[in-house]
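Chain residues, written in single-letter form:
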Amino acid sequence: MVKRMDRRIDSFLEQVDLPLVHRVRQRFDQTHLPYPDQILRGQLKEQLPADLTGRKIAITCGSRGIDQYVRLISTVVDYLKTCGAQPFLVPAMGSHGGATAAGQTALLAHLGVTESSTGAPVCSSMETCRIGTTKNGVPVFADRQACLADGIILLNRIKPHTSFRGDFESGLLKMLAIGLGKHDGAEATHLLRYENMAENLVSVGTFALEHLPVLAGVATLENAYGQLAEVHVLRPDEIISREPGLLQRARDLMPRLYLDTIDVLIIREIGKQISGTGMDTNIVGRYHTQAASGGPRTIKLGVLDLSEQSDGNANGMGLADFITRRFADKIDWTATYLNTLTSTEPASARMPMVLDNDQAVMKACVKLCGQSSASQVRLVVIEHTKSLDQIWMSPAACASVNAPDHVQIESDPLPLQFDEKGCWLYD
């Protein structure tokens, strides 16, 4: 429990003026698939053997919220059953869910993925098999139940990673190398740090692809609104050749903040269901590793809350300069540290300065951003990094937009509103 700040802190900040803000709408590519069932079934028919009678097929399920997740999994399950297979679901999320079988089952349930919703049992275990070692000495692990299956279907979203750059980032190969490797695989692959992650991901993923009974990979791409934009079923021999192109397509589709420099960025909440690092580093322009870069130059960053879905895992808070007492009170240090120790980057779990409420966090950011008056502060306020269509921007920020055709001001400049406890009335 973080105690209330001394009154002297309040006095220090009470003279700080906050900029006015416009309600702003950003526009992005709206390509989406509202009904992917038929497309997915058609591709499965083309890429999978027609007769899978009696074969036990593992379908990988990650910890991230994917648009139409249950629908996609159910479609794969139903199709496999029509081919005579016996499908089951395997959590493939490294050390997430507290690195326990029950925790990973619960995490999937949070996402709506259960036996009753998908038609296939969830077989959760942290037990792995060591299937070999890469040429550079990295051990390769895989979920024991997946190893014993007659076939594996990888199912994951492809997107830019928040911590490193490479031809393969978040996607099918990463799920194979790290997600399906459970805690053992995640730890082994991360051990040589993110500076070597791109190389390790390829070597471990390729080894696993060659030694596990992978039948296909189902790759999804989402647009900037978090909607399913594309779905691709890849044969095992296509994953290495086609995934890099799909990653670039995902990068083109992703949302962004249309500014080169942001004096103050305020994020209402971060959490594991939003990004592995709580917030998408590609969007905020701050990173906890030396292996990634890009996005806007953010001078001061404040975070107001930790999402309930994150279950106390505050990984990513170290990117912020200030957080609220409300946020700090929600931190589960064991979950946070376990995640951080596995990922090898303690910077993401460092405690920022804790202030009493939203108003204090905003004022502290403004005071220290380097602008001499509120009217000059390029302030951006967002709900979270997966919701960037409607945001709030100060007049100075609006004047600095680098893609004016994609940004529409929807209101006159208005003062930020707070309740009696200093909480931002964001709606």
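The rules behind the values
Residue positions are given per chain, counted from 1 along the sequence in the order it is written. The model is predicted, so local features are restricted to residues of pLDDT at least 70 and side-chain atom pairs to those at 80 or more, both for listing and for counting; the totals for chains, interfaces and linings are taken over all residues. In computing side-chain values, all of the structure's heavy atoms are included and hydrogens and water are not. Cavities and pockets are defined on a 1 Å grid built over the protein atoms alone: a cavity is a set of grid points where a 1.4 Å probe fits but cannot escape, while a pocket is an open set with protein on both sides within 12 Å along at least five of seven lines, and lining residues are those with an atom within 4 Å of any such point. Grid points are joined across faces, edges and corners, and a volume is the space filled by probe spheres set on the points. Under the DSSP-based scheme used, a helix requires at least four consecutive residues in state H or I and a strand at least two consecutive residues in state E, with every element numbered from the N terminus. Classification used: nonpolar for Ala, Val, Leu, Ile, Met, Phe, Trp, Tyr, Cys and Pro, charged for Asp, Glu, Lys and Arg, polar for all others including Gly. Salt-bridge detection follows one rule: a side-chain nitrogen of Lys or Arg within 4 Å of a carboxyl oxygen of Asp or Glu. Buried means the residue's accessible area, taken with a 1.4 Å probe over protein chains only, is under 20% of the maximum for its type, while exposed means over 50%, and partly exposed covers the values in between. To count as a disulfide, a pair of cysteine sulfur atoms needs to be within 2.5 Å. For two strands to be treated as a pair, DSSP must find at least two bridges joining them. In this analysis, axes come from line fits to C-alpha atoms, helices being fitted only over the stretch in contact, and the angle between any two N-to-C directions falls in the range 0 to 180 degrees. The criterion used for residue contact is that any of the two residues' heavy atoms lie within 4.5 Å.

Trainee: Sorry, what's going on with the layout of surface pockets here?
Mentor: The gaps of empty space that remain are located by a probe, the size of a water molecule, rolled over the atoms. The calculated volume of the largest pocket comes to roughly 430 Å³. What lines the largest pocket is a set of 22 residues, and nearest its centre among them are Gly97, Leu107, Gln309, Ser310 and Asp311. The biggest single contributor to the lining of the largest pocket is helix α4 (residues 101-110), with four residues. Its residues placed into classes, the lining of the largest pocket shows five nonpolar, 13 polar and four charged. Quantified by volume, the second largest pocket comes out at close to 240 Å³. Around the second largest pocket, the lining is made up of 16 residues, and of these Arg256, Asn282, Gly294, Gly295 and Pro296 lie nearest the centre. Residues of the lining of the second largest pocket, tallied by class, amount to seven nonpolar, five polar and four charged.

Trainee: What is the right way to look at the pattern of salt bridges in this model?
Mentor: Opposite charge on two side chains lets them pair, provided their charged atoms get close. Per the counting criterion, the structure on display carries 20 salt bridges. Note that Arg25 is salt-bridged to Asp389, the shortest N-O span being 3.7 Å. Of this pair, Arg25 sits in strand β1 (residues 22-26) while Asp389 sits in the loop between β13 (379-382) and β14 (390-393); the two residues are 364 residues apart in sequence, bridging distant segments of the chain. Asp143 is paired through a salt bridge with Lys182; the nearest N and O atoms lie 3.7 Å apart. Pair noted here: Asp143 is in strand β5 (residues 139-143) and Lys182 is in helix α8 (residues 182-190), with a separation of 39 residues, a long-range link. Pair check on accessibility: Asp143 and Lys182 agree, each one buried. Through salt bridges with shared partners, one network takes in Asp305, Glu308, Arg326, Lys330 and Asp358.

Trainee: Help me understand empty space enclosed by the protein in this model?
Mentor: If you walk through the whole model with that rule in mind, you get two cavities of 30 Å³ or more. Its volume calculated, the largest cavity comes out at about 590 Å³. Along its surface, the largest cavity is lined by 38 residues, and Arg64, His96, His161, Lys174 and Gly276 are the ones closest to its centre. Of all elements in the fold, only β6 (151-157), α7 (172-179), α8 and α13 (333-343) reach the threshold of two or more residues within the lining of the largest cavity. Counting residues per element, the lining of the largest cavity draws most heavily on α7, at four residues. By residue class, the composition of the lining of the largest cavity is 11 nonpolar, 22 polar and five charged. Reported here for the second largest cavity is a volume of approximately 250 Å³. As for the second largest cavity, its lining consists of 17 residues, and the residues nearest its centre are Lys159, Glu222, Asn223, Pro255 and Asp280. Of the residues assigned to the lining of the second largest cavity, the class counts are nine nonpolar, three polar and five charged.

Trainee: Before we go on, may I ask you to explain the state of the cysteines in this structure?
Mentor: Working definition of a disulfide: a covalent bond connecting the sulfur atoms of two cysteines. Following the criterion strictly, the structure yields zero disulfides and no others. Between Cys123, a cysteine without a disulfide, and Cys61, which holds the nearest cysteine sulfur, the sulfur-to-sulfur distance is 11 Å. With no disulfide of its own, Cys398 has Cys369 as its nearest cysteine by sulfur position, at a separation of 16 Å.

Trainee: Help me understand the sheet that holds strand β10 (residues 297-306) in this model?
Mentor: Across the sheet, which stays open at both edges, the eight strands sit in the order β12-β11-β10-β9-β13-β14-β1-β15 with mixed pairing between neighbours. The open sheet terminates on both sides in strands that have one partner only, identified here as β12 (353-355) and β15 (407-409). Neighbour to neighbour, the strand axes of the sheet diverge by 25° on average, direction disregarded. One ladder, built from four bridges, connects strand β9 (residues 261-270) with β13; its direction is parallel. Looking at β13, one finds that Ile267 is bridged to Ile382. Along the sheet face, helix α14 (residues 358-367) touches β9, β10, β11 (322-324) and β12 and points at about 170° away from the line of β10.

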